[in-house]
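Structural description and commentary
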Amino acid sequence: MLYRIQTLYLLISIFIYSILIYFYFLNKNITDFLECNFYFKKTILIFLIICLFLSILSFFFFHKKKFQIFFNKINILTNTIHEGILFFSCSKWNKYTLIMFLFFILCICLLYLTNRAIKKDIELIHSINRIR
């Protein structure tokens, strides 16, 4: 349902990904902090777009809770891989890198909370069906 807490978590996650993509294109300092080659910058953009797309898909599948959990798990895995690539390949840490890193950790936490809330809803529906 659109009025549940997991919808709020997903909307915050979508908002964070949108902000990161916006600042990726807007500010050249954010893309220059990596001091890496062109392909690594494109990899970051691809991971951002994939994570945004998975969050939007999960948001639109609010009636199918199993698909929502599946998309959120894939999104958590994608975020973890992206953070690992960002953490191990970044040679210079400045405020942009730290902010980007913390935003991805925040998104992983939000997606985890979303999965927990969806599972609670599923358990609630099953308990109501048992009572009937």
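Just so it is clear, the structure is predicted and the values come from calculations on it, not from any experiment. (Residues numbered from 1 in each chain as written. Predicted model: local features only at pLDDT ≥ 70, side-chain atom pairs only at ≥ 80, totals over all residues. Heavy atoms only, no water.)

With respect to the overall build of the protein
Worth spelling out the cut-off: Secondary structure elements are defined from DSSP: runs of H or I of at least 4 residues count as helices, runs of E of at least 2 residues count as strands, and each element is numbered from the N terminus. Burial classes: relative accessible area under 20% of the type maximum marks a residue as buried, over 50% as exposed, and values in between as partly exposed (1.4 Å probe, protein chains only). Every residue pair with non-hydrogen atoms within 4.5 Å of one another is taken to be in contact. Note on areas: Shrake-Rupley with a 1.4 Å probe; residue coverage comes only from the protein chains shown.
A count of helical and extended segments in the protein gives 5 helices and 0 strands. Along the chain direction, N to C, the helices and strands of the protein fall in the order α-α-α-α-α. Looking at the protein as a whole, 40% of its 132 residues are labelled buried. Considering only contacts within the protein whose residues lie at least 6 apart along the sequence, 76% involve residues at least 24 apart. Accessible area for the protein stands at about 8,200 Å²; split by element, carbon and sulfur atoms hold 73% of it.

Some points on the side chain of His-82
Within the secondary structure, His-82 is located in helix α4 (residues 65–89). Note on His-82: relative accessible area 1%, which makes it buried.

Points about the packing of helix α1 (residues 5–26) against α4
In plain terms, the rule: Only C-alpha atoms enter the line fits that serve as axes; for helices the fit covers just the stretch in contact. Angles between N-to-C directions range over 0 to 180 degrees. Should the near helix be turned anticlockwise from the far one by less than a right angle, the crossing is left-handed, and should it be turned clockwise, the crossing is right-handed. Under the convention adopted here, Pro, Cys and the residues Ala, Val, Leu, Ile, Met, Phe, Trp and Tyr are nonpolar, Asp, Glu, Lys and Arg are charged, and Gly plus all remaining residues are polar.
The interhelical angle for the contact between α1 and α4, taken along N-to-C directions, is 35 degrees, at an axis separation of 13 Å. Judged by the twist between their axes, the crossing of α1 over α4 is left-handed. Packed against α1, whose contacting residues are Gln-6, Leu-10 and Tyr-17, the element α4 presents Lys-65, Gln-68, Asn-72, Asn-75 and Asn-79 at the interface. Considered class by class, the residues forming the contact of α1 with α4 number 2 nonpolar, 5 polar and 1 charged.

Structural notes on the confidence of the model for the protein
Heads up, the condition is: The pLDDT value expresses, per residue, how confident the predictor is, ranging between 0 and 100.
Averaged over all residues, the pLDDT of the protein equals 83, while 86% of them reach at least 70. In the model of the protein, helix α2 (residues 28–32) stands out as the element of lowest mean pLDDT, 55, in contrast to α4, which has the highest, 88.

Here's the deal with the environment of Ser-13
For Ser-13, the location among the structural elements is in helix α1. Sequence separation of Ser-13 and Ser-55 is 42 residues, and the distance between their C-alpha atoms is 7.1 Å.

What to know about the side chain of Thr-78
Checked against the element boundaries, Thr-78 lands in helix α4. Apart from the residues lying within four places of it in its own chain, the contact partners of Thr-78 are Phe-47, Ile-50, Cys-51 and Leu-54.

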